[in-house]
Amino acid sequence: MTSPTIDTEGPLRLVVVGAGGMGRAWARTIQAHDDAELVGIADLAPAAAEAAAAETGIRGLALGSDAVELARRTGADAVVNATIPEAHHQVTTAALLAGLPVLGEKPVAASVAEGLSLAAAAEHTGQLFMVSQSRRYHRSLHQAKRRLETLGAVGVVAVDFFKAPHFGGFRDEMASPLLLDMAIHQFDMARFLLDADPVSVSCEEYNPAWSWYTGDAAATAVFAMEGGARFVFNGSWCSPGFETSWNGSWRLSAERGTVLWDGEGEPGADPDEAVPTVDDPGREIAGSLREFTAALRHGSEPMGRVHANVMSLAMVEAATQSASQGRRVAIDDVLERSYDAALATERNAEVLAVMKAWPSVRDALSQKEPQ
Ligand SMILES: NC(=O)c1ccc[n+]([C@@H]2O[C@H](COP(=O)([O-])OP(=O)(O)OC[C@H]3O[C@@H](n4cnc5c(N)ncnc54)[C@H](O)[C@@H]3O)[C@@H](O)[C@H]2O)c1
C-alpha cells in the first residue's frame, strides 16, 4: 500500500491534537526532530492547549480546538493525534477525510470495530494513518528478535510484567486496567518478535486482595500464534518488590536456544554467540516519529500502518472476552463481530463501501489483494 509523499522544502509541518501528558511529550519530540516543525496545538480545553504551548517556548504558536481547522489555518502537512482513545476515531477520520496523514497514539481506537473503520478511511483517502506503538522502538528488542531468528522454531515467548504504580485518576477506577491500558504494549511486542498474528487466547483476570485498583489489575493470558508458537503474558499492576521494567522481562524459547531480555539492557542468549548487529530504530516516540516522517518523505512502509496495528487491539479485546466468559476465544470471532459492528455503525458511505469490498477482515488487515 503506498500513500502520497510530501516533497516540500523545509521540515514537515505538524499539528498536535490532544494536549495532555502525551501531547506535551509529542510536542517536545517534534521540536527535537530535524525533519519536523510544530506549527500548532489543538485541544478541546483551551487551557490545556495554552499550557502545552507555553511549555514549548514557541512564541505565538497557533492554537485551536479542532485539528482540521488548525491544520488548514497553519498549512500543516500532517496531524499527530494524542487525544484520549474515545476521541481517536472521530479526530483521525476527520483529518484523513481532509487529506491529512495522521500519526496516532495507541490504541488505534476505542474498539476493534472503530479500528476497522479507520483502516477503511485510510484506504478511501489514500492517506497514511500510522499508529505509534512506542515500545517497538528499542534497539535491544530488535536485537532480541534478530537473535531469536537464528534459533530455529519458536516454542514460547513469555513475558513477566510486575509493577506497583499508584497512578490515581482513571486507571484506579476503570475495568481491566492492566489489559486495557498496558498489556497492548507487550501483546504488540510479541507480534513483532514472532512476526506472527494471534489465533486464539485463554485469559484469566483477577484482583489481588490488597489491590488499590477497582478493576482487575492482574492477568495471565496464553495466546496461540500463527505458526504454532505460544505467547504467555503474566502480569500485575499491584505487585510491589522486584519490579520488572516497563517493557517487561522476556524469555524467548526456541528449538536451538533461548534469548533473555530484561526490557532495558542488551539481550542475552544461550548459546552465547555474537548478537547480529541491527539498525537503531530510535527510542520510543522519537523512533515512531522518525518512521512516520520517512514514510511521508520517501514512501517507505512503517511498522505501524493502521492495517498492521489493529490486530494488537484485537488481542486485548479477545483477552478481556476470554476472561469474562471463562473460555478460549478465537481472534477470528472477535474480527467478525467487530466487522459486523463496523458495517452497522459506519456513517460515511465511501468508507462503508471500502469495508464491504474486503474479501475478509484478515485479508484486508494483511493488505492482501482479493484473489
Ligand atoms: N505510548 C505510551 O507509552 C503512552 C503513554 C501514555 C498514554 N498514551 C496514549 O496517549 C493518548 C493520550 O493519553 P494522555 O495520558 O496524554 O491523556 P490525557 O487525558 O492526559 O490528555 C488527553 C487530552 O486530549 C484532549 N481531547 C480529548 N478529546 C479531544 C478532541 N476530540 N479534540 C481535541 N482534544 C481532545 C483532552 O482535553 C486532553 O487534554 C491515549 O491514547 C493513551 O493511551 C500512550
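What you see is a predicted model, and the numbers here were worked out from it, not measured in a lab.

What counts and what doesn't
By convention here, each chain's residues receive numbers from 1 onward along its written sequence. Thresholds applied to this predicted model are a pLDDT of at least 70 for local features of residues and 80 or more for the giving and counting of side-chain atom pairs; totals over whole chains, interfaces and linings are not thresholded and use all residues. Just so you know, side-chain values use all the structure's heavy atoms and leave hydrogens and water out. We call a set of buried residues a nonpolar core when its members are Ala, Val, Leu, Ile, Met, Phe, Trp, Tyr or Cys and they connect through side-chain atoms within 4.5 Å of each other. The buried label applies to any residue whose accessible area, calculated with a 1.4 Å probe on protein chains only, is under 20% of its type's maximum; exposed applies above 50%, and partly exposed to all values in between. Helix and strand definitions follow DSSP, with helices as H or I runs of at least four residues and strands as E runs of at least two, each counted in order from the N terminus. What marks off one domain from the next here is an automatic or database domain assignment. Any two rings among Phe, Tyr and Trp, with Trp reduced to its six-membered ring, count as a pair given centres within 6.5 Å; such a pair is stacked if its planes are under 30 degrees apart, edge-to-face if over 60, and tilted if neither. The buried area of a pairing is the accessible area, by a 1.4 Å probe, that goes missing from both parts when the two are put together, added over both. What counts as a salt bridge is simple: a side-chain nitrogen of Lys or Arg found within 4 Å of a carboxyl oxygen of Asp or Glu. N or O atoms within 3.5 Å of each other form a polar contact, as long as, within protein, one can give a hydrogen and the other can take it, and as long as residues adjacent in sequence are counted only when both atoms are side-chain atoms. Asp, Glu, Lys and Arg are counted as charged, while Ala, Val, Leu, Ile, Met, Phe, Trp, Tyr, Cys and Pro are counted as nonpolar; the rest, among them Gly, fall into the polar class. A cutoff of 4 Å decides nearness: a residue is near a molecule or strand if any of its heavy atoms lies inside that distance of it. With residues, only the protein chains shown are counted as cover, and all accessible areas are computed by Shrake-Rupley using a 1.4 Å probe. Strands are treated as partners if at least two bridges between them are detected by DSSP.

So, about the nonpolar core. Counting residues in each nonpolar core, the largest one holds 89 residues, and the members touching the most others are Leu116, Phe129, Phe187, Phe223, Phe231, Trp250 and Trp358. Counting residues per element, this core draws most heavily on helix H8 (residues 177-194), at eleven residues. Taken domain by domain, the makeup of this core includes at least three residues from each of domain 1 (12-135 + 285-305 + 331-365) and domain 2 (138-270).

Turning to the packing of aromatic side chains, a few remarks are in order. Going through the model one piece at a time under the given rule, you end up with eleven aromatic pairs. Judged by centre distance (6.5 Å) and plane angle (55 degrees), the rings of Phe167 and Trp246 are tilted. Taken together, the residues Phe167 in the loop between strand S7 (154-162) and helix H7 (170-173) and Trp246 in the loop between strand S10 (230-236) and strand S11 (249-254) connect sequence positions 79 residues apart. Owing to a relative accessible area of 31%, Phe167 belongs among the partly exposed residues under this scheme. A centroid spacing of 6.2 Å and a plane angle of 10 degrees characterise the contact between Phe231 and Trp250, whose relative ring orientation is stacked. Taken together, the residues span a long stretch of sequence, with Phe231 in strand S10 and Trp250 in strand S11 at a distance of 19 residues. The burial state of Phe231 is the same as that of Trp250; both residues are buried. Members of the aromatic cluster, connected to one another through ring pairs, are Phe161, Phe167, Trp212, Tyr213, Trp237 and Trp246.

With that settled, consider the domain arrangement of the protein chain. According to the domain assignment, the protein chain consists of domain 1 (12-135 + 285-305 + 331-365) and domain 2 (138-270). Of note, the centres of domain 1 and domain 2, computed from C-alpha atoms alone, are 26 Å apart. Interface area, domain 1 with domain 2, both sides summed: about 1000 Å², of which 54% is carbon and sulfur. Our enumeration of links across domain 1 and domain 2 arrives at one salt bridge. Ionic pairing is found between Arg362 and Glu226, a salt bridge with its closest N-O pair at 3.0 Å. The interface formed by domain 1 and domain 2 includes five residue pairs in polar contact (both at pLDDT 80 or more). A breakdown of the residues in the side of domain 1 that touches domain 2 according to their chemical character gives three nonpolar, two polar and four charged.

Around the ligand lies a shell of 21 residues, among which Met22, Asp43, His88, Lys106 and Ser134 are the nearest. Within the backbone of Leu44, an N or O atom sits 3.4 Å from a nitrogen atom of the ligand. One of the backbone N or O atoms of Lys106 is found 2.9 Å from an oxygen atom in the ligand. Surface burial for the ligand is 76%, taken as the share of its 860 Å² of free accessible area covered by protein chains. At the level of elements, helix H1 (21-31) and helix H4 (85-97) are the ones that each hand at least two residues to the shell around the ligand. For the shell around the ligand, the element with the highest residue contribution is H4, accounting for five residues. Here the shell around the ligand is composed, by residue class, of ten nonpolar, eight polar and three charged.

Looking now at the pairing of strand S8 (residues 198-206). When S8 meets strand S9 (residues 218-225), the two strands line up antiparallel, connected through eight bridges. Pairing of Val201 across the sheet is with Phe223, part of S9. Where S8 meets strand S14 (residues 329-330), two bridges bridge the pair, whose relative direction is antiparallel. Considered in S14, the bridge of Val201 is made with Val329.

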